[in-house]
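Coordinates in review
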Amino acid sequence: MSERNEEPGLSSGVRTVGGITVVDPSLVRRAVAAAAVGNVTEWFDFGVFAYMATTIGKVFYPQSSPTAQLLATFGTFAAAFLVRPLGGLFFGPLGDRIGRTKVLATTMIMMAAGTFCIGLIPSHDTIGLAAPALLLLARFVQGFSTGGEYGGAMTFIAEYAPDRRRGFLGSWLEFGTLTGYIFGAVIVAVLTAAMPEQELLSWGWRIPFLIAGPLGIVGMYLRLKLEETPAFAKLVETHEAREAESATTKLRDIFLRHWPAMLICGALVLVFNVTNYMLTAYMPTYLSDELPPGISSTESSVLQIVVMALMLAVITFIGSASDRFGRKPVIMTGCIALVVLSVPSVLLIQQNTVPTVFSGLLIMGLMLVVFSATMPSTLPALFPTNIRQGGLSISFNISVSLFGGTVATVMTALIAATGDLMWPGYYLIGAGVLGAIGIWFTEESAGRPLPGSPASAAPEEASTAR
C-alpha cells in the first residue's frame, strides 16, 4: 500500500510521504529561477546606481565640488536604505498573512518602476532642485520595495528546498544577485568606454535605468505563475484563523518573543552586507576618486566584472559545502578571513596597478562569496514559519540599512575627514568580528527542517527514508 498522500492544501507538485514533504524537482527549479530572476533585476538596479555614482553626481548635483557630488550621490543611494525597514515592516508580515508569491510579485514591479523612473528624470540643468528631489523619491520607492523583496525571496527558496539541499539551492539567489551586478557593470563599462563624456551626461546615463522596465515585467510574470510554498500551504491548512490575526499582534510577537533571533540575524546581515557593499558599491569609486591616478575606470570596471564572474563560478559549490559540512563552519571561515585578509586586500588595491587591484578585489570577492552562498539558507532557519518572512525582513532590513547601505557614504566621509585610505580595511575587520559573534550563537541548521515546518526531501531521499 502506498504512503503517498495528495493533500488538498498543497499544489499538484507537492505531496507527503511518511510525514515528509516531497516537492517535484521541476517545481523546485521553477521556484528558484523565479526568485533568482527577480534578484537579477533588483541588484541590476542597485548596481547601476553605484557604478554610475560619479556621472549621477554631475547630472543631479552639478554646482557642487567632486567630493560633495559623491557625498550627495551616495547619500541619495543610502536614502533608499532609510525606508527599507519600513518596507520590511509592511511587506514581511504581509507575506506571512496573504502569501509569499503575491508580495514578491508586488515588490518586483515596484523596484523596476522606481528604477525606470530614474531614467526619465530631467537633469538639474533642466528643472533645478526638482531633479534631485525626484531622484530621492524614486530611491524611496526602490528602498521600500526592496524591504520586502530580499527577505521574501530567501523565505520562498528556503521553504521550497529539500532540507539536505537548502544551501545549494539558496546559493542560486545570490547567483542572481551577482548576475544582476555583472549585467549592470557590463552595460555601464560599455557606455563609459564607447560614449564621449558629454553624451553620457546628456542622455547615455539613462539607458541602464530604462532597461529595468522590461526586466521587471518578466520577473513579475515568472513569480505570478508559481503557487505558494509547501510550508506556507501547510500553515494555511492548520491555522485557518491566521488571517484574523492583526498586524500589530504579529509585530508584537516578532519583537517580544523572537528578539534573540533578530539580533543574531542582524549580526550576520551586517558582515554579509558590509562586505557586499564595500566591494560592489564603494570600490569602483575608491579606485577612481580616492586613490592617486593608476588604472583607468574602464580597467577597474573590467576587473570588477572578472572578480564577480569568478564568484559566480564558485558560489553554488560553497552552498553545497554548507549542506555537507554545516553553515556555521563555512560562515566562521569567512569571518576569520575578513579579520586576517581585509587589510592586505586594501593594501594591494592601493597600489593601483592591474595585477595588484585584481588580487585585492579577488581576495575581497572570495570572502564575500562565502557569505553570499550561505546566508540565504542560514537566515530563514532562524525564524518559525508563521513569522518567518516578517521576522527575517524586519531584522534584515534594519541591519542592512544601518550598516550595509551606508558603507559608501561612511567611507567617503571618513577618508575625507582623516585622509586615511585604510578605512575600508578597518571597517571590514570590524564586520568580521561582529559576524563571528553572530554565527557563534547560531544553531546549526544544515540538513534539518525549518522551524515550524515538517521535514522536506527530494523524491529519491523520501524513497530511501520510506
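On a predicted model such as this, the values are computed, not experimentally measured, just so you know. (Residues numbered from 1 in each chain as written. Predicted model: local features only at pLDDT ≥ 70, side-chain atom pairs only at ≥ 80, totals over all residues. Heavy atoms only, no water.)

Helices and strands together make up the secondary structure of the protein, namely 19 helices and 4 strands. C-alpha atoms of the protein, sized along the principal axes, occupy 75 × 45 × 40 Å. A fraction of 85% describes how many contacts in the protein between residues 6 or more apart in sequence connect residues 24 or more apart. Of the roughly 17,400 Å² that the protein leaves accessible, carbon and sulfur atoms contribute 68%. For the protein, the centre of its 27 positive side-chain charges and the centre of its 30 negative side-chain charges are spaced 6 Å apart. (Helix = DSSP H or I, 4+ residues; strand = E, 2+ residues; numbered from the N terminus. Contact = heavy atoms within 4.5 Å. Areas by Shrake-Rupley, 256 points an atom, 1.4 Å probe, with all protein chains shown as cover. Lys, Arg positive; Asp, Glu negative; His and termini not counted. Charge placed at Lys NZ, Arg CZ, Asp CG, Glu CD.)

In this section: the pattern of salt bridges. A full pass over the atoms with the stated rule returns 8 salt bridges. Measuring nitrogen to oxygen at the nearest pair gives 2.7 Å for the salt bridge that ties Arg388 to Glu159. Here Arg388, found in helix 16 (residues 388-404), pairs with Glu159, found in helix 6 (residues 130-160); they are 229 residues apart in sequence, far enough to count as distant. Given a relative accessible area of 0%, Arg388 falls into the buried group. Taking the relative accessible area as the measure of exposure, Glu159 reaches 5% and is therefore buried. Put simply, Asp253 and Arg257 hold a salt bridge, and the shortest N to O gap is 3.3 Å. Of this pair, Asp253 and Arg257 both sit in helix 11 (residues 247-257), separated by 4 residues, roughly a single helical turn. Salt bridges sharing common partners tie together Asp96, Arg100, Glu159 and Arg388. (Salt bridge = Lys/Arg side-chain N within 4 Å of Asp/Glu carboxyl O. Buried < 20%, exposed > 50% of the residue type's maximum accessible area, 1.4 Å probe, protein only.)

Further remarks concern the side chain of Ser453. In this fold, Ser453 is placed in the loop between helix 18 (423-440) and strand 4 (456-457). A polar contact of 2.5 Å, which involves the side chain of Ser453, links it to the side chain of Thr385. Among all residues touching Ser453, those that are not within four sequence positions of it are Ala231, Thr385 and Arg388. (Polar contact = N/O pair within 3.5 Å; in protein donor to acceptor, adjacent residues only side chain to side chain.)

Here we come to helix 1 (residues 25-51). When the terminal C-alpha atoms of helix 1 are compared, their 37 Å separation across 27 residues agrees well with the 39 Å that a helix rising 1.5 Å per residue should span. Burial runs high along helix 1: 21 of the 27 residues are buried. (Expected span 1.5 Å × (residues − 1).)

Helical geometry note: an α-helix holds 3.6 residues per turn, so side chains three or four residues apart project in the same direction. An ideal rise of 1.5 Å per residue puts 16 Å on 12 residues; helix 17 (residues 407-418) measures up with 16 Å between its terminal C-alpha atoms. Considering only its buried residues, helix 17 is in contact with helix 3 (66-98), helix 12 (259-290), helix 16 and helix 18. Two residues or fewer after helix 17 comes Gly419, characterised by a positive phi angle close to 75°.

So, about the packing of aromatic side chains. Per the stated rule, a full pass over the model turns up 12 aromatic pairs. With a centroid separation of 4.7 Å and 45° between ring planes, the pair formed by Trp172 and Phe175 is classed as tilted. Here Phe175 and Trp172 lie together in helix 7 (residues 166-194), a separation of 3 residues that amounts to about one turn. Put simply, the rings of Phe60, Trp205 and Phe209 touch in pairs and so form one group of aromatic residues. (Phe/Tyr/Trp six-rings, centres within 6.5 Å; stacked < 30°, edge-to-face > 60°.)

Bringing the nonpolar core into the picture now. Counting 116 residues, the largest nonpolar core has Phe60, Phe77, Tyr277, Tyr282 and Leu379 as the members making the most contacts within it. It is helix 12 that contributes the most residues to this core, 18 residues altogether. Leave out the neighbours within four places in its chain, and Tyr282 touches Tyr277, Glu290, Val407, Ala408, Met411, Thr412, Ile415 and Pro424. (Core = buried A, V, L, I, M, F, W, Y, C linked by side-chain atoms within 4.5 Å.)

On to the pairing of strand 3 (residues 20-23), then. Residue alternation in strand 3 divides its side chains into two sets, Ile20 and Val22 and Thr21 and Val23, and both sets are buried. Relative to strand 3, strand 2 (residues 14-17) runs antiparallel, the two being bridged by 4 bridges. Bridge pairing links Val14 to Val23 in strand 3. Here strand 2 folds back onto strand 3, and the loop between the two strands holds 2 residues, one of which, Gly18, carries a positive phi near 60°. Alignment of strand 3 against strand 4, held across 2 bridges, turns out to be parallel. Looking across to strand 4, one finds that Val22 is bridged to Ala457. (Pairing = 2+ DSSP bridges.)

Limitation: the analysis is restricted to geometry and does not speak to function.
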